[in-house]
Amino acid sequence: MAFVIFKSKGDDENAINNFLQDDRVSRMTVLKRDGSMYGEDGTIYLFEGNDEAVNYVKSIKPASMVELDSKEAENIYRKIKEENDNAEEGMGFVFG
């Protein structure tokens, strides 16, 4: 599955909210996180989908959202996946 991670400092919340409500964008897996959890300022947004969907997101993103370079994005993506895996394991333990 393809992904892209953008960073925003919250400069244009209206544009970001409109972007997130776009029909094609809203069908993707979208995670919003506080960037400080990953050593970044502002808010990070992870978009997962097929290559076409990721390219679409890149083409219509607001100017206030900056794409992270591939190395940074890969590190953050790995951390988010680890967090999700740990959360799922915890739920399995609770509901066994």
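Keep in mind that what you see is a predicted model, and the values were worked out from it rather than measured. (Residues numbered from 1 in each chain as written. Predicted model: local features only at pLDDT ≥ 70, side-chain atom pairs only at ≥ 80, totals over all residues. Heavy atoms only, no water.)

1. Some points on the nonpolar core
Of all hydrophobic cores here, the largest spans 14 residues; its most connected members are F47, V57 and M65. Elements that contribute at least two residues to this core include exactly β1 (2-8), α1 (13-20), β3 (43-49) and α3 (51-60). For this core, the element with the highest residue contribution is α3, accounting for 4 residues. If near-sequence neighbours (up to four positions away) are discounted, V57 is found in contact with V4, F6, F19, V25, M28 and F47. Of all hydrophobic cores here, the second largest spans 10 residues; its members include I5, Y38, L46 and I80. (Core = buried A, V, L, I, M, F, W, Y, C linked by side-chain atoms within 4.5 Å. Buried < 20%, exposed > 50% of the residue type's maximum accessible area, 1.4 Å probe, protein only. Helix = DSSP H or I, 4+ residues; strand = E, 2+ residues; numbered from the N terminus. Contact = heavy atoms within 4.5 Å.)

2. Quick look at the confidence of the model for the chain
Segments scoring low in pLDDT should not have their predicted coordinates read at a detailed level. When the pLDDT values of the chain are averaged, the result is 91; 91% of them are 70 or greater. Element-level mean pLDDT values for the chain span from 81 in helix α4 (residues 70-95) up to 98 in α3. (pLDDT = per-residue confidence, 0-100.)

3. Brief notes about α3
Within α3 the residues assigned to the buried category are A53, V54, Y56 and V57. An end-on view of α3 places all buried positions within 155° of arc, on one side of the element. Turned more than 90 degrees away from the buried face of α3 sit D51, E52 and S59, all of them exposed. Looking at the buried residues of α3, the elements they touch are β1, α1, α2 (23-26) and β3. (Arc of directions from axis to C-beta.)

4. What to know about the sheet that holds β3
Pairing between the strands of a sheet is mediated by backbone hydrogen bonds and can be parallel or antiparallel. Taken in spatial order, the 4 strands make up an open sheet running β2-β3-β1-β4, and their pairing is antiparallel. Whereas interior strands pair on both sides, the edge strands pair on one side only; in this sheet they are β2 (29-34) and β4 (65-67). On average, each strand axis in the sheet is inclined to that of its neighbour by 25°, with strand direction left out of account. In this sheet, β3 lies alongside β1 in antiparallel orientation, the contact comprising 7 bridges. Its bridge partner lying in β3, I5 is registered against L46. (Pairing = 2+ DSSP bridges. Axes fitted to C-alpha atoms, helices over the stretch in contact; angles between N-to-C directions.)

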